[in-house]
Amino acid sequence: MSHSVPARLTLLMGGFFLAGLAQAGMVTDRHGNVGYDTAAECDAAVQAGTARFYVPSTRNRPLRRSGEASVSSKRLSELGPEYALGACDEGVGPLHGRDGVARELRGKFVPYSPDMSLNVYADRSGKPVRVSMAECDNRFADNFPRPVPRPVVAAPAPAPEAVPTPQPAPVPVAPPPAPEAAPPLAAAPASRLTPYLFGTLGQNRDSVNYGDPVDGLRSVGDSDSKSGALIGAGLQINDWLGAEVFYTSGKRHQYQAVNGYVNEYVARAYGLRATIGTDLGEKTRVFAKAGVARVVHRNSSGLSTHWTQASGIRYSSSQTRPTIGFGVSHALTENLMLRGDFDHIRLRNGQNPRWGHFDHLGIGLQYNF
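So, here's what we can say about the structure. Computed from a prediction, not measured in an experiment: that's the story for all the values here. (Residues numbered from 1 in each chain as written. Predicted model: local features only at pLDDT ≥ 70, side-chain atom pairs only at ≥ 80, totals over all residues. Heavy atoms only, no water.)

### Quick word on unusual backbone geometry
The phi dihedral of H96 falls on the positive side, at around 55 degrees, and the residue is not glycine. Mapped onto the elements, H96 comes out in the loop between β4 (87-90) and β5 (109-112). Of note, the phi angle at D137 is positive, near 65 degrees, even though the residue is not glycine. Tracing the backbone shows D137 in the loop between β7 (128-133) and β8 (194-210). For D137, a relative accessible area of 3% puts it in the buried group. (Helix = DSSP H or I, 4+ residues; strand = E, 2+ residues; numbered from the N terminus. Buried < 20%, exposed > 50% of the residue type's maximum accessible area, 1.4 Å probe, protein only.)

Encoded structure:
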């Protein structure tokens, strides 16, 4: 048994040596993730079992690039046997609509667990061409991360060759039954629900026709544009489909009668709609919108109005109508997007006054959680 002592000492000293290397040149970000000055230091920490593997702190759905037709999910170790211990990859910054690792870890070598979930992007033939971190969709320094090599440990000295002792012939034993194959790992869905808030500033345009049955000089046929705002919240369900609730209002609209009298009315709209869209490149998205909206007109100032045929009487009218529109968004950071909206609501014209249409055109911001 004495011949095994040098081997044990060799392994023990190797472990102390790797652990010592693992502490050299280490930095930590505010989330507790670590990075090392060199790939060798990072490899040593992983091989010694002292590395703290990277944990994402943000959430983002997968974002395909040009030439990538599909995305699926795998663990890092499932990319190949070279990833059995995980990866040590150089930390990188923002690019292609994603922020990258914290500033402290950029240019350092960051350890990644072999059990880390990945987004695996494939071309039209199904061949994987790139991977990213599944939870945050952060990229690696290259299309695939750098694997951690297996440690090289000196082999123990060979034991003295023993003279074989004659043994009786073995009794045949039936082989044990083969273990049942483990079921394949189910792929995680490629996209996740993404809630967001948005708001735009621009113009609200309204139009009306009113024919006074008593005095034609008080009739109105006019449209007016005033400053307005749109706010709302949405949920991106998958790469194509989403849903939004919204509210639109702005300054009072003014409509001039034939005799010069100016009527002032506030217009508001709120409703629910679906969105369907697609990405144009890596940062820009276009989408169409369709739903229903409740539109309310009110002379909230309490001023006299020809349409009520009395002075100081408040007037209010509301109707629920279909709404359509389109929009565009462009990523500024990992979560913040520049957004533009156009919405159109065609109103019923069977009343007197007959409201024609209510539109909003604006530009603003969208924040994805």
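### Quick word on the nonpolar core
Formed by 19 residues in total, the largest nonpolar core has its most connected members in V220, Y255, I345 and W355. The set of elements that each furnish at least two residues to this core consists of β8, β9 (220-236), β12 (262-280), β13 (284-298) and β16 (354-368). Take this core: its biggest share by element is 4 residues, from β8. Grouped together as the second largest cluster of nonpolar side chains are 15 residues, L76, M116, C136 and F140 included. (Core = buried A, V, L, I, M, F, W, Y, C linked by side-chain atoms within 4.5 Å.)

### Section: the sheet that holds strand β6 (residues 117-122)
Note on sheets: strands pair through backbone hydrogen bonds, and any given pair is parallel or antiparallel. Here we have 3 strands laid out as an open sheet, ordered β3-β6-β7, and antiparallel in their pairing. With one partner strand each, in any of the chains shown, β3 (70-75) and β7 form the two edges of the open sheet. With direction set aside, neighbouring strand axes in the sheet form an average angle of 30 degrees. In this structure, β3 lies alongside β6, joined through 6 bridges in antiparallel fashion. For R75, the partnering residue across the bridge sits in β6 and is S117. (Pairing = 2+ DSSP bridges. Axes fitted to C-alpha atoms, helices over the stretch in contact; angles between N-to-C directions.)

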